Amino acid sequence: MTRRDVGIDTLMERAVAGDRRATGRLLTLVESGRDEASAIAALTHHPGRAHVVGVTGAPGAGKSTMVAKLVAGYGGGDRRPAILAVDPS
Amino acid sequence: MSEATGSDPRSPTTPIRVVLAKLGLDGHDRGIKVVARMLRDAGMEVIYLGLRQTPESIVAAVEQEDADAVGLSMHNAGHLTLAPVMIEAMREADLDVPLIVGGIVPDRDVETLLEAGVAAVLGPGASAGEVVEALRRAVAAR
């Protein structure tokens, strides 16, 4: 898929279907703060009953280790853990 | 909301995002670290994947990070083998981002790499300005 010919609606459809590239593109849009990015907020209703867990802490505190353990704990069966990593820069 | 202007996630002020990696067993990573700093200092977002990456790991990073370009550093004469493999992996994944190769590439191999689909080849003498300009040109030409 080329970058310039895909609209937000299409990106959201693809992201919901599991397309990682589309998900990455949407995250870029959210970061950009552009007006149309607000439409992406509609996706927040999509996960339904998914657990949403936030992990934060000082450098070296064990966030990555904790997340790895969480994924191992959640994984298996029909559950699909997704990690949204934010590295402020 | 599918008009052409609304579909490009990058505003003109959004920085270029580059994935840098050492592909294969080549362990000479000093050059690419210097390049990472050059690009960062030019305002780009740099994701350095480190040593011993595979075409698959690089493709996955480009997809997940929504990168605009890939930079590979090659210092062990593997460029004629590995660059085309990387190009093929990116084509298979339908990634339309440019691949830039830096490092030790004999002059006589440059044309071969460009014909294989590499966007630009940078040698050890390239200045920070030349590196940044090559990246910007490759991303703009996509």
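Since we're looking at a predicted model, the values are computed, not measured. (Residues numbered from 1 in each chain as written. Chains lettered and ligands numbered in written order. Predicted model: local features only at pLDDT ≥ 70, side-chain atom pairs only at ≥ 80, totals over all residues. Heavy atoms only, no water.)

Description of the layout of surface pockets
Residues and elements named next belong to chain B.
Next, step 1: In this structure, the second largest pocket spans a volume of roughly 330 Å³.
Next, step 2: Looking at the second largest pocket, it is lined by 20 residues, and the ones nearest its centre are Gly31, Val35, Gly102, Gly103 and Gly123.
Next, step 3: Ranked by the residues each element gives to the lining of the second largest pocket, the list is headed by helix α2 (residues 30-41), at five residues.
Next, step 4: By residue class, the composition of the lining of the second largest pocket is 13 nonpolar, seven polar and no charged. (1 Å grid on protein atoms, 1.4 Å probe; cavity = no way out; pocket = protein on both sides within 12 Å on 5 of 7 lines; lining within 4 Å. Points joined across faces, edges and corners; volume = space filled by probe spheres on them. Helix = DSSP H or I, 4+ residues; strand = E, 2+ residues; numbered from the N terminus. Nonpolar A, V, L, I, M, F, W, Y, C, P; charged D, E, K, R; others polar.)

Let's talk about helix α3 (residues 55-65) of chain B
Residues spaced three or four apart along an α-helix face the same direction, because each turn holds 3.6 residues.
Next, step 1: Taken as a whole, α3 of chain B has its buried residues at Pro55, Ile58, Val59, Ala61 and Val62 of chain B. Seen along its axis, α3 of chain B keeps its buried residues to an arc of 160°; they face one direction.
Next, step 2: Where α3 of chain B is buried, its residues meet α2 (20-32) of chain A together with β1 (17-21), β3 (69-74) and α4 (79-92) of chain B.
Next, step 3: Positive phi appears at aspartate 66 of chain B, one or two residues downstream of α3 of chain B, with a value of about 55°. (Buried < 20%, exposed > 50% of the residue type's maximum accessible area, 1.4 Å probe, protein only. Arc of directions from axis to C-beta. Contact = heavy atoms within 4.5 Å.)

Examining the pairing of β1 of chain B
On a regular strand, one side chain projects to one face of the sheet and the next to the other, so that they alternate.
Residues and elements named next belong to chain B.
Next, step 1: Buried residues dominate β1, accounting for five of its five residues.
Next, step 2: Because side chains alternate across β1, one face comprises the buried residues Arg17, Val19 and Ala21, and the other comprises Val18 and Leu20, equally buried.
Next, step 3: As defined by bridge partners, β1 adjoins strand β2 (residues 45-48) across four bridges and the pair is classed as parallel. Following the sheet pairing, valine 19 is matched in β2 by isoleucine 47.
Next, step 4: In terms of handedness, the path from β1 via α2 over to β2 forms a crossover that is right-handed.
Next, step 5: Strand direction decides the pairing type here: β1 and β3, joined by four bridges, are parallel. If you follow valine 18 over to β3, its bridge partner there is alanine 69. (Pairing = 2+ DSSP bridges. Right-handed = clockwise from strand over helix to strand, strands pointing away.)

Remember that the coordinates give geometry; whether it matters functionally is a separate question.
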